[in-house]
Amino acid sequence: MSPIQEVIINKKTSINPIWIMRQAGRYLPEFREIRAKNPDFIKLCLNHKLSSEITLQPLKRYNFDAAIIFSDILMVPYGLNQKVEFKKNFGPLLGDLNLDKASSMQENKFTERLKPVYKALEIVSNNNLTSNKSTIGFVGAPWTLMVYMINKQSPKLKLKKNFFDDELLINKILLILEKFLKIHIKCQVDNGAQIIQIFDSWAGLLDVKDFSKYIYNPTLSLVEFTKSLNVPVICFPKGIKNYKNYCEIINPDAICIDYEVDPLQANKDIKIPIQGGMDPKVLLTDKENLKKEAKRYLDIFKDHPYIFNLGHGVLPETDPNMMDYLVKIVKDY
Ligand code: CP3
């Protein structure tokens, strides 16, 4: 078993494996070099040679315990025939959603469109760099994907007033997503993903009264499906206030906490393995502070099954040497 599986499945507390959200990304000069020559981000995700190479880049530099496949949660709307672009200094920009096209999508058409993602997973999981490590696949949670599909760009601090107006549309999108996210999870698992992480980046935008419909019910369905494949699932409901409730209702195999969660409280409240938490901005400070902060998390969770990670993705302006130092701190702990 790999160290991350030991923590998640066997609840081991004597080791603290580490991987980092967005570990293959813009803070690495070798990524920026490939990216500069590949201005179309979707095309890059669909180039299995390059996306597998990018996935392995951080493992060549650092002793991380997992590879996370270089792809994006928005590859699923792309697979459903919605146009997706990534604009420089803006982020994702989606085209209008054609519901008829999406709901009539054939399963084999969808998997054909995303085939390079599965091919890249196969390459990565068979590479020597991932032996005794975990290969992580992922999906966006239905709620977060629906936000992108309707809003067509990242929401800022809140949703537009009329977001929930078309209930029929919302219900249909949720059903389509539930179906195709399961297909996407299954294909990733069949091609080498040993763990699935579900990213719900916009969970924090919802009122608690709407949690059951948009977060709990659809996420629970994905979590149970993934468990039925015998694959552990990690959930990351970024920005919610009550992680304890979430864990009790969803019961994933592990929970990833964001940087606003008080780790002391989480350690008391949460009974399942925990991942993440440290603010990515800590990596922009100095070594002394980095050591202090990383140790704070390691100390708090020393008797809890804990996977070191950040409380959101690593920032592009991070110095790669600081990441090196962080891995050393965690490994020497
Ligand atoms: O973690 C990894 O290394 C694996 C790859 C990965 C990416 N995106 C690559 C990426 C993963 C797991 C994601 C998930 C993702 N994508 C989320 C959930 C996690 C989170 O950050 O909240 C979301 C909301 C997206 C959608 C998305 N993709 C946005 C909003 C953006 C633009 C903002 C940004 O960070 O640049 C992207 C682009 C993106 N996805 C990049 C990478 C490496 C940057 C692309 C570039 O080089 O310009």
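(A) Examining the site of the ligand more closely. Not every one of the 23 residues close to the ligand is listed here, only the nearest: Arg 22, Arg 26, Arg 35, Asp 72 and Ser 201. The contact in question runs from an oxygen atom of the ligand to an N or O atom on the backbone of Ala 24, over 3.4 Å. A distance of 2.6 Å separates an oxygen atom of the ligand from a polar side-chain atom of Arg 35. Its free accessible area being 860 Å², the ligand has 87% of it covered by the protein chains.

(B) A look at the pattern of salt bridges. Considering all chains together, one arrives at 13 salt bridges under this definition. The salt bridge partner of Asp 207 is Lys 209, with a shortest N-O separation of 3.7 Å. Given a relative accessible area of 66%, Lys 209 falls into the exposed group. Asp 210 is the partner of Lys 209 in a salt bridge, and the nearest nitrogen-oxygen pair spans 3.2 Å. Connected through shared salt-bridge partners, Asp 207, Lys 209 and Asp 210 make up one network.

(C) How the structure looks around helix α1 (residues 3–10). Taken across its eight residues, α1 has six buried, putting it largely inside the fold. Looking only at α1, the buried set comprises Pro 3, Ile 4, Gln 5, Glu 6, Val 7 and Ile 8. Residues of α1 that are buried sit in contact with β1 (66–68), β4 (134–140), β5 (195–199), β6 (233–236), β7 (254–257) and β9 (306–307). In the stretch just after α1, Lys 11 is the one whose phi turns positive, near 55°.

(D) Expanded view of the packing of aromatic side chains. Under the defined criterion, the tally for this structure stands at 16 aromatic pairs. For the ring pair Trp 143 and Phe 164, a centre distance of 6.0 Å and an interplane angle of 5° mean the geometry is stacked. Of this pair, Trp 143 sits in helix α9 (residues 142–151) while Phe 164 sits in the loop between α9 and α10 (167–190), and the two are 21 residues apart along the sequence. Using a relative accessible area of 0% as the deciding quantity, one classes Trp 143 as buried. Measuring from centroid to centroid gives 5.1 Å for Phe 163 and Phe 164, while their planes differ by 80°, and the two rings are edge-to-face.

(E) Seen up close, the sheet that holds β5. With respect to topology, seven strands assemble into an open sheet ordered β1-β4-β5-β6-β7-β8-β9, the strand pairing being parallel. Edge positions in the open sheet fall to β1 and β9, since each of these has one partner strand only. Bridge count for strand β8 (residues 274–276) against β9 is two bridges, and the pairing is parallel. In the sheet register, Gln 275 faces β9, and the bridge partner there is Ile 307. Seen against the sheet, helix α11 (residues 211–228) touches β5 and β6 and runs at an angle of roughly 160° to β6.

Criteria and cut-off values
Residues numbered from 1 in each chain as written. Predicted model: local features only at pLDDT ≥ 70, side-chain atom pairs only at ≥ 80, totals over all residues. Heavy atoms only, no water. Near = heavy atom within 4 Å. Polar contact = N/O pair within 3.5 Å; in protein donor to acceptor, adjacent residues only side chain to side chain. Areas by Shrake-Rupley, 256 points an atom, 1.4 Å probe, with all protein chains shown as cover. Salt bridge = Lys/Arg side-chain N within 4 Å of Asp/Glu carboxyl O. Buried < 20%, exposed > 50% of the residue type's maximum accessible area, 1.4 Å probe, protein only. Helix = DSSP H or I, 4+ residues; strand = E, 2+ residues; numbered from the N terminus. Contact = heavy atoms within 4.5 Å. Phe/Tyr/Trp six-rings, centres within 6.5 Å; stacked < 30°, edge-to-face > 60°. Pairing = 2+ DSSP bridges. Axes fitted to C-alpha atoms, helices over the stretch in contact; angles between N-to-C directions.

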